[in-house]
Amino acid sequence: MRLWKIGRRGIINFLIGRDKRLKCSSPPLHTLLMMEIDNIFGKIETCNPVYGCTVNPPCRYCYAREYNEKYGVTPDFSIPKEMPQALKKIHTKKSKIFFMNSMSDLSSWRVEWRNAVFDEISKYPNNIYIFLTKRPENIYLNVRSFQNVWMGVTVTNQEDLRRIPTMFENML
């Protein structure tokens, strides 16, 4: 089974997780899955409890920044803003897959925002939650107790491959 695909923009997202509901062949405890972000729409819902990103310089391919400029969700996208009301979306009895930060980078979140989101996630274990970052070196997070959380890192070039082992070191 091929576990990777390069998207239209040449972006690869590496995800690790341990949920058996996602059908793919994998090692027993962790699955390394590289998926094309462009193919998730319609299969995965978004939930954005934080809008904005501090990645500087901004990514040249960032759709979230473009979306914010078009719709004005937050006045300054470089200053992340918490939107806790968005978490109501995960309050569902039916199992769903949620991309939790399509409008931010997890590394831009304040620790208290992240703690609040993970507290809420723990109340709804029937769902699967996906988080992405471009800066895993700035996040130290133990997700071992969450069987339904998938952590990912974006790789856009050869140099970014270093992000993968960093994600494993800092988030497991």
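Residues numbered from 1 in each chain as written. Predicted model: local features only at pLDDT ≥ 70, side-chain atom pairs only at ≥ 80, totals over all residues. Heavy atoms only, no water.

1. Points about the nonpolar core
In step 1: In this structure, Met-100, Ile-121, Phe-131, Val-149 and Met-151 are the most contacted members of the largest nonpolar core, which totals 25 residues.
In step 2: Listing elements by their share of this core, those giving two or more residues are helix H2 (111-122), strand E7 (128-133), strand E8 (149-155) and helix H3 (163-171).
In step 3: Setting aside its immediate chain neighbours within four residues, Met-100 contacts Cys-47, Asn-48, Pro-49, Leu-87, Ile-90, Trp-109, Val-117, Tyr-129, Ile-130 and Phe-131.
In step 4: Formed by 10 residues, the second largest nonpolar core is a distinct cluster that contains Cys-53, Cys-59, Met-83 and Met-103. (Core = buried A, V, L, I, M, F, W, Y, C linked by side-chain atoms within 4.5 Å. Buried < 20%, exposed > 50% of the residue type's maximum accessible area, 1.4 Å probe, protein only. Helix = DSSP H or I, 4+ residues; strand = E, 2+ residues; numbered from the N terminus. Contact = heavy atoms within 4.5 Å.)

2. So, the confidence of the model for the chain
In step 1: For the chain, the mean per-residue pLDDT works out to 78, and 75% of the residues sit at or above 70.
In step 2: Confidence drops under a pLDDT of 50 for residues 18-39, and excluding neighbours within four residues, the segment shows 65 contacts in the predicted structure. (pLDDT = per-residue confidence, 0-100.)

3. So, the packing of aromatic side chains
In step 1: Enumeration according to the criterion identifies five aromatic pairs in this entry.
In step 2: A centroid spacing of 4.7 Å and a plane angle of 45° characterise the contact between Tyr-67 and Tyr-71, whose relative ring orientation is tilted. Of this pair, Tyr-67 and Tyr-71 both sit in helix H1 (residues 63-71), four residues apart, which is roughly one turn of the helix.
In step 3: Ring geometry for Phe-118 and Phe-146: centres 5.2 Å apart, planes at 70°, overall edge-to-face. In this pair, Phe-118 is assigned in helix H2 and Phe-146 in the loop between E7 and E8, connecting sequence segments 28 residues apart. Both residues of the pair, Phe-118 and Phe-146, belong to the buried class.
In step 4: Three or more aromatic residues link up through ring pairs in this structure, and these residues are Trp-109, Phe-118, Phe-131 and Phe-146. (Phe/Tyr/Trp six-rings, centres within 6.5 Å; stacked < 30°, edge-to-face > 60°.)

4. Overview of H3
In step 1: Turning to H3, its buried residues are Arg-163, Ile-164, Thr-166, Met-167, Asn-170 and Met-171. Down the axis of H3, the buried side of the element spans an arc of 160°, and every buried residue falls inside it. (Arc of directions from axis to C-beta.)

5. Regarding the pairing of E8
In step 1: Counted residue by residue, E8 has seven buried out of seven residues, so it is predominantly covered.
In step 2: In the sheet, E7 pairs with E8 via five bridges, with the strands oriented parallel. Bridging across to E8, Phe-131 finds its partner in Met-151. (Pairing = 2+ DSSP bridges.)

6. Looking at the state of the cysteines
In step 1: One pass over the full model with this rule turns up zero disulfides.
In step 2: Here Cys-59 is not cross-linked by a disulfide; its sulfur's nearest cysteine counterpart is in Cys-62, at 5.9 Å.
In step 3: You can call Cys-59 buried: its relative accessible area is 19%. (Disulfide = S-S within 2.5 Å.)

7. Description of H2
In step 1: Its 12 residues give H2 an end-to-end C-alpha distance of 16 Å, which sits within 8% of 16 Å, the value for a rise of 1.5 Å per residue.
In step 2: The set of residues buried in H2 consists of Trp-113, Arg-114, Val-117, Phe-118, Glu-120 and Ile-121. The buried residues of H2 occupy one face: seen down the axis, they fall within an arc of 155°. (Expected span 1.5 Å × (residues − 1).)

8. Here we look at the environment of Val-73
In step 1: Looking at where Val-73 falls in the secondary structure, it is placed in the loop between H1 and strand E5 (81-82).
In step 2: Judged by relative accessible area, Val-73 falls into the partly exposed class, the value being 26%.
In step 3: The spacing of Val-73 and Tyr-51 is 22 residues in sequence and 7.8 Å in space, taken between C-alpha atoms.
In step 4: Setting aside anything within four residues of it in sequence, one finds Val-73 in contact with Tyr-51, Tyr-67, Asn-68 and Met-83.

9. A look at unusual backbone geometry
In step 1: With an omega of 0°, the peptide bond between Asn-56 and Pro-57 qualifies as cis.
In step 2: Note that Pro-57 resides in the loop between strand E4 (50-51) and H1.

10. Focus on the pattern of salt bridges
In step 1: Taken as a whole and assessed by the stated rule, the structure comprises three salt bridges.
In step 2: One salt bridge connects Glu-120 with Lys-123, and the closest N-O pair in it is separated by 3.4 Å.
In step 3: Assessed through its relative accessible area of 56%, Lys-123 is described here as exposed. (Salt bridge = Lys/Arg side-chain N within 4 Å of Asp/Glu carboxyl O.)

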